Amino acid sequence: MDLPFLADTMGQLLAVTPVTLELWILCIAIGLVIALLVCWGRVSGVPVVSQLAAVYIFVFRGSPLLIQTFLLYYGVSQFAQVRASFAWPVLRDPFNSAVISLALCTGGYAAEIFRGGLLAVPGREIEAGRAIGMPPFTLFRRIIAPIALRQALPAYSTEIVLMMKATALASLVTVWEITGTAEKIISHTYRTFEVFLCAAAIYLVLNFVVIRAMRYLEYLISPHLRGRPEPDVAATVTGIAHPGADVPELPT
Amino acid sequence: MSVAGPALSLRDIRKSFAEMEVLKGISLDAFEGDVISILGASGSGKSTLLRCINMLEVPDSGTVTVAGETIRMKPRRGGGQEPADGRQVDRIRTELGMVFQSFNLWSHMTILQNVIEGPVHVLHRPRAECIAEAEALLEKVGIADKRNFYPAHLSGGQQQRAAIARALAMRPKVMLFDEPTSALDPELVGEVLRVLRALAEEGRTMLVVTHEMGFARHVSNRVIFVNQGVIDADGTPDEVFGEGGTERFRQFVSGLHV
């Protein structure tokens, strides 16, 4: 085993790991905003808005992310109007194109994940909120959204892990992140196996951290699914419903 | 607290689901301190009637008046009617404490959080005050030691008592109970009925849809028997259960024991 070569490769790949992380963080953040908007549109109950949202989700889930990325970076630039427009300074940059195409795609997936979370909110708990006079926004903020988030989080964790791996596609529009840099090293060392192994190891470590963090977040927000807490011995156990309380039995 | 006129007044409530007419014009007045048991076979429309009071079901026609304030309705496109002002409905709902058959506690909140949710986030009362009051209410229903438990950690009877405390925390003018013991194991029914009885003895205004004949007979001061969408019998327990009761009611009661 050629340890110096592996160490050198690892060093080069770790040096560009921040690029992968930046791609990931930006596409997750922008994708989250898109997802919330699309999901809101999808469940808005306004037919035109809902259908537009459904078309968005279909297009971005139904076509390959690689083609979406190519269309945005290579395809769009063939139109002179685009090259003349205000968007060109943003789109001409491969990093920006990659972030936008990744965000558009994850926005479609995550919108469906959040919609699934909303559908899983028990109608009974919503009804209990309405029955105490909660206005619609309070009902959403206090009851619907917290329950939907808990329902959606496991699937959303999977989605953001997938996006970490999807950042590798940015290498095909000339962004020098981990995968692109690995290919560059291979092109002048021809040592495909070792180099890609190093790259895979980095992705594994990154996703290990992400998965652990998400699992911890899930743990934090789901005490209601864990075991009983210790009984609160300080609380006095008296009252009309407790055995021994001074309330006559109901006649039968 | 004195209210001129009835605490709750329903006028000619009608409700259909698809072609099925469930409520065929029901009127009733509940006065302060009334404990009214609403009896009826399943499918008779008694739960629907209760849900029409706080607009969880919107009646096709008729009016609901709570403590002198009538819920304003407007015609709905395609027939029927709908509340004209959602904010008025929300406000009146705060005065109507509802307890559901299957408790409907918020699963992601502890028992204490369930009880203070309405006072803090709907009535906007000071949190510390709400917590003190909630703890007193939980003590009253006998589950003060469960305040930091989540609903999933409690038995059905305990959950229902928590749900009653949650409704009481809103300081409602009228309490609506929708078959509060029907989802419970038989041995847990008693603990919930004892709470209901204690509330009745406090002089609270209560409408209780129930199948518990003992409660209807001995705790409520008025019994209403709903049959096929209309009020078939209405009077004191002695009147309704006694010799003067209707033939249909006798059939209903005897059917329960067969």
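Note that the structure is a prediction, hence the values are computed from the model and not measured.

Thresholds, definitions, all that
Residues numbered from 1 in each chain as written. Chains lettered and ligands numbered in written order. Predicted model: local features only at pLDDT ≥ 70, side-chain atom pairs only at ≥ 80, totals over all residues. Heavy atoms only, no water. Helix = DSSP H or I, 4+ residues; strand = E, 2+ residues; numbered from the N terminus. Buried < 20%, exposed > 50% of the residue type's maximum accessible area, 1.4 Å probe, protein only. Contact = heavy atoms within 4.5 Å. Areas by Shrake-Rupley, 256 points an atom, 1.4 Å probe, with all protein chains shown as cover. Buried area = accessible area lost by both parts, 1.4 Å probe. Salt bridge = Lys/Arg side-chain N within 4 Å of Asp/Glu carboxyl O. Polar contact = N/O pair within 3.5 Å; in protein donor to acceptor, adjacent residues only side chain to side chain. Nonpolar A, V, L, I, M, F, W, Y, C, P; charged D, E, K, R; others polar. Pairing = 2+ DSSP bridges. Axes fitted to C-alpha atoms, helices over the stretch in contact; angles between N-to-C directions. Core = buried A, V, L, I, M, F, W, Y, C linked by side-chain atoms within 4.5 Å. Phe/Tyr/Trp six-rings, centres within 6.5 Å; stacked < 30°, edge-to-face > 60°. Lys NZ or Arg CZ within 6 Å of the ring centre and 35° of its normal.

## As for the overall build of chain A
1) Next: When you go through chain A residue by residue, the secondary structure sums to 10 helices and zero strands.
2) Next: Projected onto its principal axes, the C-alpha coordinates of chain A cover approximately 90 × 55 × 25 Å.
3) Next: Every one of the 252 residues in chain A was classed for burial, and the buried ones make up 43%.
4) Next: Taking as baseline every contact in chain A between residues at least 6 positions apart, the subset at least 24 positions apart corresponds to 74%.
5) Next: Accessible surface for chain A amounts to roughly 13900 Å². Of this, 70% is attributable to carbon and sulfur atoms.

## A short note on the interface of chain A and chain B
1) Next: Contacts between the two partners involve 40 residues from chain A, matched on the other side by 46 residues from chain B.
2) Next: Taken over both partners, the interface formed by chain A and chain B buries close to 3800 Å², and the fraction arising from carbon and sulfur atoms is 58%.
3) Next: Summed over the shared surface of chain A and chain B, the number is two salt bridges.
4) Next: Between A:Glu127 and B:Arg51 there is a salt bridge whose closest N-O contact spans 2.7 Å.
5) Next: There are eight residue pairs in polar contact (both at pLDDT 80 or more) connecting chain A and chain B.
6) Next: Examining the composition of the side of chain A that touches chain B, we find that eight residues originate from one element, helix H8 (residues 136–166) of chain A, more than from any other.
7) Next: Here the side of chain A that touches chain B is built from residues that sort into 20 nonpolar, eight polar and 12 charged.

## Remarks on the environment of B:His121
1) Next: Positionally, B:His121 belongs in helix H3 (residues 111–121).
2) Next: Residue classification places B:His121 among the buried positions, given a relative accessible area of 16%.
3) Next: Excluding residues within four positions of it along the chain, B:His121 makes contact with A:Thr138, A:Arg141, A:Arg142 and B:Ile116.

## What to know about the sheet that holds strand E8 (residues 96–99) of chain B
Residues and elements named next belong to chain B.
1) Next: One open sheet accounts for six strands, arranged E8-E9-E10-E3-E11-E12; its pairing is mixed. With one partner strand each, in any of the chains shown, E8 and strand E12 (230–235) form the two edges of the open sheet. Each strand of the sheet is rotated relative to its neighbour by a mean of 15°, with strand direction disregarded.
2) Next: Taken together, the four bridges between E8 and strand E9 (residues 174–178) define a ladder with parallel strand orientation. Within the sheet, the bridge partner assigned to Leu-96 lies in E9 and is Val-174.
3) Next: Against the sheet, helix H6 (residues 186–201) touches strand E3 (35–39), E9 and strand E10 (205–209), its axis set at about 150° to E10.

## Some thoughts on the pattern of salt bridges
Residue and element names in this part refer to chain B.
1) Next: A complete count under the given rule lists 28 salt bridges over all chains for this structure.
2) Next: In this structure, the salt-bridge partner of Arg-72 is Asp-85, at a minimum N-O distance of 3.1 Å. Separated by 13 residues along the polypeptide, Arg-72 in the loop between strand E5 (69–70) and strand E6 (73–75) and Asp-85 in the loop between strand E7 (81–83) and helix H2 (86–93) bring together distant segments of the chain.
3) Next: Judged by relative accessible area, Arg-72 falls into the partly exposed class, the value being 44%.
4) Next: Judged by its relative accessible area of 22%, Asp-85 is partly exposed.
5) Next: A salt bridge links Lys-140 to Glu-202, with the shortest nitrogen-to-oxygen separation between them at 2.4 Å. Placement of Lys-140 in helix H4 (residues 127–140) and of Glu-202 in the loop between H6 and E10 is noted, with a sequence separation of 62 residues between them.

## What to know about unusual backbone geometry
All names here are of chain B.
1) Next: Positive phi is not limited to glycine here, since Asp-12 has a value of about 50°.
2) Next: Within the secondary structure, Asp-12 is located in strand E1 (residues 8–17).
3) Next: The class of Asp-12 is partly exposed, set by a relative accessible area of 34%.
4) Next: One non-glycine residue, Arg-171, adopts positive backbone phi at about 50°.
5) Next: With respect to the secondary-structure elements, Arg-171 resides in the loop between helix H5 (156–168) and E9.

## Let's talk about the side chain of B:Gln159
1) Next: In this fold, B:Gln159 is placed in helix H5.
2) Next: Apart from residues no more than four positions distant in its own chain, B:Gln159 is found in contact with B:Phe103, B:Leu105, B:Pro151 and B:Leu154.

## Observations concerning the nonpolar core
Across soluble globular proteins, nonpolar side chains have a tendency to be buried as a group.
1) Next: Within the largest apolar cluster, 46 residues are counted, with the highest numbers of intra-cluster contacts made by B:Leu8, B:Ile53, B:Val64 and B:Leu207.
2) Next: With residues near it in sequence (within four places) discarded, B:Ile53 still touches B:Leu8, B:Leu10, B:Val64, B:Ile71, B:Leu96, B:Leu176 and B:Leu207.
3) Next: Among the nonpolar cores identified, the runner-up in size contains 44 residues, and A:Val38, A:Tyr56, A:Met164 and A:Ala168 belong to it.

## So, the packing of aromatic side chains
1) Next: Per the counting criterion, the structure on display carries eight aromatic pairs over all chains.
2) Next: A centroid spacing of 4.6 Å and a plane angle of 35° characterise the contact between A:Tyr56 and A:Phe60, whose relative ring orientation is tilted. Here A:Tyr56 pairs with A:Phe60, and both are found in helix H2 (residues 47–62), just four residues apart, close to one helical turn. Assigned by exposure class, A:Tyr56 and A:Phe60 land together as buried.
3) Next: Between the aromatic rings of A:Tyr73 and A:Tyr74, the centroid separation amounts to 4.8 Å while the plane-to-plane angle is 70°, which identifies the pairing as edge-to-face.
4) Next: Through a chain of ring-to-ring contacts, the aromatic side chains of B:Phe225, B:Phe241, B:Phe249 and B:Phe252 assemble into a single cluster.
5) Next: Here A:Lys184 stacks its cationic end above the ring of A:Trp176, 4.2 Å away from the centre of that ring.
6) Next: A:Arg191 extends its terminal NZ or CZ atom over the ring of A:Phe5, reaching a point 4.1 Å from the ring centre.

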